[in-house]
Amino acid sequence: MESKYNYFKRDISWLSFNYRVLLEALDERLPLYERINFISIYSSNLEEFYKIRVADHKAVASGATESDEETVQSARELVEEINKEVTRQLDDRVRIYEQKILPALRKNHIIFYQDNHVEPFHQQFIKDFFREEIFPYLQPVPVSKDKIVSFLRDNRLYLAIRVYPKKEEKNKGEETKENIEKYTGECINERNDGEGIKVGMEAARPNVTDLRQPLYFVMKQPYAKVPRFIELPSREKNHYLMFTEDIIKANLNLIFPGYDVDSSYCIKISRDADILIDDTASSADLVAQLKKKVKKRKIGDVCRFVYDRAMPSEFLDFLVDAFRIQRDELVPGDKHLNLEDLRHLPNPNKSLHSLEKPKPMKLTVLDEKESIFNYVAKKDLLLYYPYHSFEHFIHFLYEAVHNPETREIMVTQYRVAENSAVINTLIAAAQNGKKVTVFVELKARFDEENNLATAEMMQAAGIKIIYSIPGLKVHAKVALIRRRGLNGEKIPSYAYISTGNFNEKTATLYADCGLFTCRKEIVADLYNLFRTLQGKEDPKFTTLLVARFNLIPELNRLIDREISLADEGKQGRIILKMNALQDPTMIDRLYEASEHGVQIDLIVRGICCLIPGQSYSRNIRVTRIVDSFLEHARIWYFGNDGTPKVFMGSPDWMRRNLYRRIEAITPVLASDLRDSLIEMLNIQLADNQKACWVDDKLQNIFKKRTPGTPAVRAQYTFYDWLNKTNN
C-alpha cells in the first residue's frame, strides 16, 4: 500500500549535506587554510558520490542492472536531477574559490596565479622549471574519431589540446592545401610582450579563420613526478604559487613545434568504482573474488566526464564523439579540476595561523590508576573521541595482552588504519600465547585490499580470522576480553561497544564514543554475538540491540512508549543523533509519533529523507552540524516519562544498516554516563555557530544566536565541559 507520507530523495539529500560542507569555505571566522580544506573535502566527497551512487543509477538507467527501488526511467530522471544540482553547486564553488578564497590569499601576500597575468620576473623561472622538471614526463597522445579510443584513467587530470599547423612562408604567407593536409594540431596560449605571460582563454590566439584543420591531443598531468602546486620565487613580502597545468599551458609551444597552439582545457573521467561480487559466496571464494576485482576498479564504466566549462562547444563535441561519451555523463567544471588536491596547497606565509583544534585529553582517573581493568571492574567508562585520547583503548588492549588471566581477545574490524597500533597489539597478544579472534569485514568499500592484507598478516601471526558473512556486512564496532582466574574461578570479562572503527587515525578526526563495561548481561550478549559471527548458534540477546535480531522490535516498542505518553497528555520526547536517516519504515514511525504530539529532535549529519515542516512532521526538527570533526556517533534518547533511556552504537537508520548488516547498540546503564550523553545532545541542539536547520526544501538554514545568549559551538563547548569534569 502506498504511504500517505513523503520523503526526500536519498541522493538529493546527500547533495544538500555536501553543499553544507562547501559553505564552511565562506566562514571568515575560520583560518584561511581550513576554509580551503573544506573545498577539498567537498570535492573529494563529490568524486566518491559519482563513482558509487551515480554509477549505480546509470547502470539501472542503461538497463545493465535491475533494481527493486527504481525503474530505468526514474533512474534516468534522477541522474539528470543530480547533474543539475551538482552544476548549480559547482557554480557556487567557482564563485567561492575565485571571489572569496583567492582574494583572501592575496590579502595574506600569497599570489596564486590562475590562468592570467604572470609577472615578468617569473617568466624565466617558469620556462626553466618546465624544461627541467616537467617536460621529460609529458607524452601527448593524438585523439581521432576514426581510430582506437585512448583510455582515460580514473580521476586523472588531462589537458585536452587543440593545435593548428603553422603557415609556411609560401606565396607571401598564403597557405596551400598541401600544407593543410600535412599537419594537425593543438594549443599554446603564450605571449611574451614584456608585460608577462598570458595563459588560458585570455591569451593571444592564432588567426584560424582559414582552411587549416585542427589536431587534437590529450596529455596526462605528471603528478606522480611533479607536485600539483609549484612555489615560485618570493618577491619582497609576496609569495607565489602556480598550478602545474598552468606552467604546462604556458609552454605548450615547446611540446608542439611547427604548430600554433589554439587552446587547452582540463578534463577528467570518473569511473564506476563499485565492485560487483557474489555476496552469497563462501569466505574463500569471496577472498578470491575481491583479489581479482579490486584491480579492475580503475577501469570501470564512465560515470561522469568533467570538463572546463570555458571549452567551446565544437571542442567539447569533438571529445564527446572521440571518447564516446554519453551526454548525460557531461558535468561542467572549473578551469582547474580535482580541487580535492587543495588539501596539499603549500602555505608559504608562516604567519598564517592554523586552527587550534581540541587536543585529545587523557582521563585523570585513568592516570591515577594502574589499570583500566581495575577501574572498569568497578565502574563503566565512556570515552568521547577525539576529545579523549584513543591511547586509552590501545592501553586497554595492551593490558589484555599482558594480563595472565586473559583467555581470549575478540574484535571486529571494519576499516583498519595503516601500520595500526590496534593490529600490532593483537599480533603481540597472539605471539604472547593468547587466543585472538578477529572478524574482518572484507566488503568495506575502498578498504577491501587493506583489510585483506591486514587479515592475512594477522593470520600469519596465529590470529583466528573470521571473514565476511555471506549476504551480510558486519558493521558492529565491538571488542570482548574474556578472562578466567588462574585457578578456574570466575572473574570479570570486559566488553567494549563503540560508534566508530578501531582506527587510531580516524579517532583523531571523527567524533565518536566508546563504552567499556563489565556488566555480565552485556558481556554475555557480546559473546553470543561473536558466536553468531562464527555461525555457531541462533542467539538471544537480553540487553544489546542487534540489527536483524531484536533491534527493530525494540525501537518500535520505544517509539510506542513515547506515543502512549503523549496520548496521556504527558511529554513524549525523542532525540536521535546519527549520520543518516533513510529507512521509510522507521521514518513513518517518527511521522506517526509527531502526529501524536511527540517532540522529536533529529541531529543528522548527512542523508535525511524525512521531510520537516509538513502537517505530519510539525513536531520534528532536523539539525545538521558541520565543524572541525566529522560527527559520527549514533546516540538515541527516549524520554520515558522522566526516566530516560539512552543508547549508543554503530547503526544509522538506513535500510542497509537495519536489515542487511550486523550492528550492535548498547543501552547506557550508568546514570552519570547517561547524563553526559544527554549533556552532549543538549549542547548540540543549542549550537548557534555551526548548526543548521534542514528545512522542507533541503536548504541549510543557519541557526542564529539570540541576543544575550552565549555563543555555543558544540564541538568546542562540549570539549570544555569534558575538560572541566575530567577529575
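Everything numeric in this text was worked out from a predicted model, so none of it was measured.

**Quick notes on the overall build of the chain**
Thinking step 1. Scanning the chain for helices and strands turns up 20 helices and 28 strands.
Thinking step 2. Considering the chain as a whole, with its 727 residues, one finds that 59% of them fall into the buried category.
Thinking step 3. By sequence separation, contacts in the chain at least 24 residues apart represent 77% of the contacts at least 6 residues apart.
Thinking step 4. Accessible surface computed for the chain: about 31,500 Å², of which carbon and sulfur atoms make up 48%.

**Topic: helix H19 (residues 671-686)**
Thinking step 1. An ideal rise of 1.5 Å per residue puts 22 Å on 16 residues; H19 measures up with 22 Å between its terminal C-alpha atoms.
Thinking step 2. Among all positions in H19, only Leu673, Arg674, Ser676, Leu677, Ile678, Met680, Leu681, Ile683, Gln684 and Leu685 are buried.

**Re the side chain of glutamate 408**
Thinking step 1. With respect to the helices and strands, glutamate 408 occurs in strand S11 (residues 406-413).
Thinking step 2. According to the relative accessible area criterion, glutamate 408 is buried, its value standing at 5%.
Thinking step 3. Within the structure, glutamate 408 has its side chain in polar contact with the side chain of threonine 437 (distance 2.8 Å).
Thinking step 4. For glutamate 408, the residues in contact, after removing those within four places along its chain, are Lys435, Thr437, Leu480, Ile481 and Arg482.

**Considerations on the environment of cysteine 513**
Thinking step 1. Of note, cysteine 513 is situated in strand S17 (residues 510-517).
Thinking step 2. When neighbours within four sequence positions are excluded, cysteine 513 is seen to be in contact with Leu382, Leu383, Tyr384, Ile497, Ser498, Thr499, Ala633, Ile635, Met648 and Leu677.

**Observations regarding the packing of aromatic side chains**
Thinking step 1. For the coordinates displayed, the defined rule picks out 38 aromatic pairs.
Thinking step 2. Among the aromatic residues, ring-to-ring pairing joins Phe373, Tyr385, Phe390, Phe393, Phe396, Tyr494, Tyr496, Phe502 and Phe516 into one connected group.
Thinking step 3. For arginine 304, the ring lying beneath its charged end belongs to tyrosine 50, and the centroid distance is 4.6 Å.
Thinking step 4. Sitting over the face of the ring of tryptophan 693, lysine 703 holds its NZ or CZ atom 3.9 Å from the ring centroid.

**Notes on a positive patch on the surface**
Thinking step 1. Positive charge collects at one region of the surface, where Arg407, Arg484, Lys490 and Lys520 lie side by side.
Thinking step 2. Assignment of secondary structure puts lysine 520 in helix H15 (residues 520-533).
Thinking step 3. Here lysine 520 falls in the exposed class, since its relative accessible area comes to 72%.

**Structural notes on the packing of H19 against helix H20 (residues 714-724)**
Thinking step 1. The contact between H19 and H20 brings their axes to 9 Å, and the two run at 145 degrees. For the pair H19 and H20, the sense of crossing is right-handed. On the side of H19, the interface is formed by Ser676, Glu679, Met680, Ile683 and Gln684, while H20 contributes Ala714, Thr717, Phe718 and Trp721.
Thinking step 2. Across the contact of H19 with H20, the residue classes tally to five nonpolar, three polar and one charged.

**Structural notes on the environment of tyrosine 716**
Thinking step 1. Along the chain, the position of tyrosine 716 falls in helix H20.
Thinking step 2. Spatially, the C-alpha atom of tyrosine 716 lies 9.2 Å from that of serine 628, the residues being 88 residues apart in sequence.

**Overview of the sheet that holds strand S5 (residues 229-235)**
Thinking step 1. Spatial strand order, S1-S6-S5: three strands in an open sheet with mixed pairing. The open sheet has two edge strands with one neighbour each: strand S1 (110-113) and S5. With strand direction ignored, the average angle separating the axes of adjacent strands in the sheet is 25 degrees.
Thinking step 2. Inspection of the sheet shows S5 paired to strand S6 (residues 238-243) by five bridges, in the antiparallel sense. Paired with arginine 235 across the bridge in S6 is asparagine 238.
Thinking step 3. Each of S1 and S6 touches helix H3 (residues 72-107); the most contacted strand, S1, lies at about 135 degrees to it.

**Structural notes on the sheet that holds strand S7 (residues 259-271)**
Thinking step 1. Spatially, the six strands line up as an open sheet ordered S2-S4-S3-S7-S8-S9, and their pairing is mixed. Strands with a single pairing partner mark the edges of an open sheet, and in this sheet they are strand S2 (141-143) and strand S9 (330-333). When the angles between neighbouring strand axes are averaged without regard to direction, this sheet yields 35 degrees.
Thinking step 2. In this sheet, S9 lies alongside strand S8 (residues 302-308) in parallel orientation, the contact comprising four bridges. Bridge pairing in S9 links aspartate 308 to glycine 333.
Thinking step 3. Contacts from helix H2 (residues 32-61) reach S7, S8 and S9 within the one sheet, and its direction differs from that of S8 by about 130 degrees.
Thinking step 4. Packed onto the sheet, helix H9 (residues 313-322) meets S2, strand S3 (158-165), strand S4 (215-220), S7, S8 and S9 and runs at close to 115 degrees relative to S3.

**Let's talk about the pattern of salt bridges**
Thinking step 1. Applying the stated rule across the entire model yields 46 salt bridges.
Thinking step 2. Of the charged contacts, one joins arginine 483 and glutamate 405 as a salt bridge, the two residues approaching to 3.4 Å between their closest N and O atoms. Here the residue arginine 483 occupies a position in strand S15 (residues 477-483), and glutamate 405 occupies one in the loop between helix H12 (391-402) and S11, the gap between them amounting to 78 residues.
Thinking step 3. Arginine 483 gets classed as buried once you look at its relative accessible area, which sits at 12%.

**What about the pairing of strand S23 (residues 634-638)?**
Thinking step 1. Judged by how many residues are buried, S23 sits mostly within the fold: five of five residues are covered.
Thinking step 2. The two faces of S23 match: Arg634, Trp636 and Phe638 on one face and Ile635 and Tyr637 on the other face are all buried.
Thinking step 3. Here strand S19 (residues 573-578) runs beside S23; their pairing, made up of four bridges, is antiparallel. Bridge pairing in S23 places isoleucine 574 opposite phenylalanine 638.
Thinking step 4. Here S23 pairs with strand S24 (residues 645-649) via five bridges, running antiparallel. Note on S24: the bridge partner recorded for tyrosine 637 is valine 646.
Thinking step 5. Taking the residues that link successive antiparallel strands as the turn, the S23-S24 hairpin has six residues, and the phi of asparagine 640 there is positive, at about 55 degrees.

**Remarks on helix H4 (residues 123-134)**
Thinking step 1. The end-to-end C-alpha separation of H4 is 15 Å, in line with the 16 Å expected for twelve residues at 1.5 Å each.
Thinking step 2. Along H4, the positions that sit buried rather than exposed are Gln123, Ile126, Lys127, Phe129, Phe130 and Ile134. Viewed end-on, H4 has its buried residues packed into an arc of 165 degrees, placing them on one side of the element.
Thinking step 3. If you follow the buried residues of H4, they end up packed against S5, S6, helix H6 (244-249) and helix H7 (252-255).

**Looking at the packing of helix H1 (residues 10-23) against H2**
Thinking step 1. Running from amino to carboxyl end, H1 crosses H2 at an angle of 170 degrees, the nearest separation of the two axes being 9 Å. Relative to H2, the element H1 is oriented roughly antiparallel. Remark: the crossing between H1 and H2 carries left-handed chirality. Across from Arg10, Asp11, Trp14, Leu15, Phe17, Asn18, Tyr19, Val21 and Leu22 in H1, the residues of H2 making contact are Phe38, Ile39, Ile41, Tyr42, Asn45, Leu46, Phe49, Arg53 and His57.
Thinking step 2. Its residues assigned to classes, the contact of H1 with H2 comprises twelve nonpolar, three polar and three charged.

**Brief notes about the side chain of arginine 674**
Thinking step 1. Mapped onto the fold, arginine 674 is located in helix H19.
Thinking step 2. For the buried arginine 674, no salt bridge exists, and the shortest N-O distance to an oppositely charged side chain is 5.0 Å, to aspartate 675.
Thinking step 3. Residues contacting arginine 674, with those up to four places away along its chain left out, are Pro644, Val646, Val668 and Leu669.

About the cut-offs
- Residues numbered from 1 in each chain as written.
- Predicted model: local features only at pLDDT ≥ 70, side-chain atom pairs only at ≥ 80, totals over all residues.
- Heavy atoms only, no water.
- Helix = DSSP H or I, 4+ residues; strand = E, 2+ residues; numbered from the N terminus.
- Buried < 20%, exposed > 50% of the residue type's maximum accessible area, 1.4 Å probe, protein only.
- Contact = heavy atoms within 4.5 Å.
- Areas by Shrake-Rupley, 256 points an atom, 1.4 Å probe, with all protein chains shown as cover.
- Expected span 1.5 Å × (residues − 1).
- Polar contact = N/O pair within 3.5 Å; in protein donor to acceptor, adjacent residues only side chain to side chain.
- Phe/Tyr/Trp six-rings, centres within 6.5 Å; stacked < 30°, edge-to-face > 60°.
- Lys NZ or Arg CZ within 6 Å of the ring centre and 35° of its normal.
- Patch = residues over 30% accessible without salt bridge, like charges linked within 9 Å, V, L, I, M, F, W, Y side chains within 5 Å.
- Salt bridge = Lys/Arg side-chain N within 4 Å of Asp/Glu carboxyl O.
- Lys, Arg positive; Asp, Glu negative; His and termini not counted.
- Charge placed at Lys NZ, Arg CZ, Asp CG, Glu CD.
- Axes fitted to C-alpha atoms, helices over the stretch in contact; angles between N-to-C directions.
- Left-handed = near helix turned anticlockwise from the far one by under 90°.
- Nonpolar A, V, L, I, M, F, W, Y, C, P; charged D, E, K, R; others polar.
- Pairing = 2+ DSSP bridges.
- Arc of directions from axis to C-beta.
- Parallel < 35°, antiparallel > 145°, perpendicular 65-115°, else oblique.

Function cannot be read off these values alone, since they describe shape.
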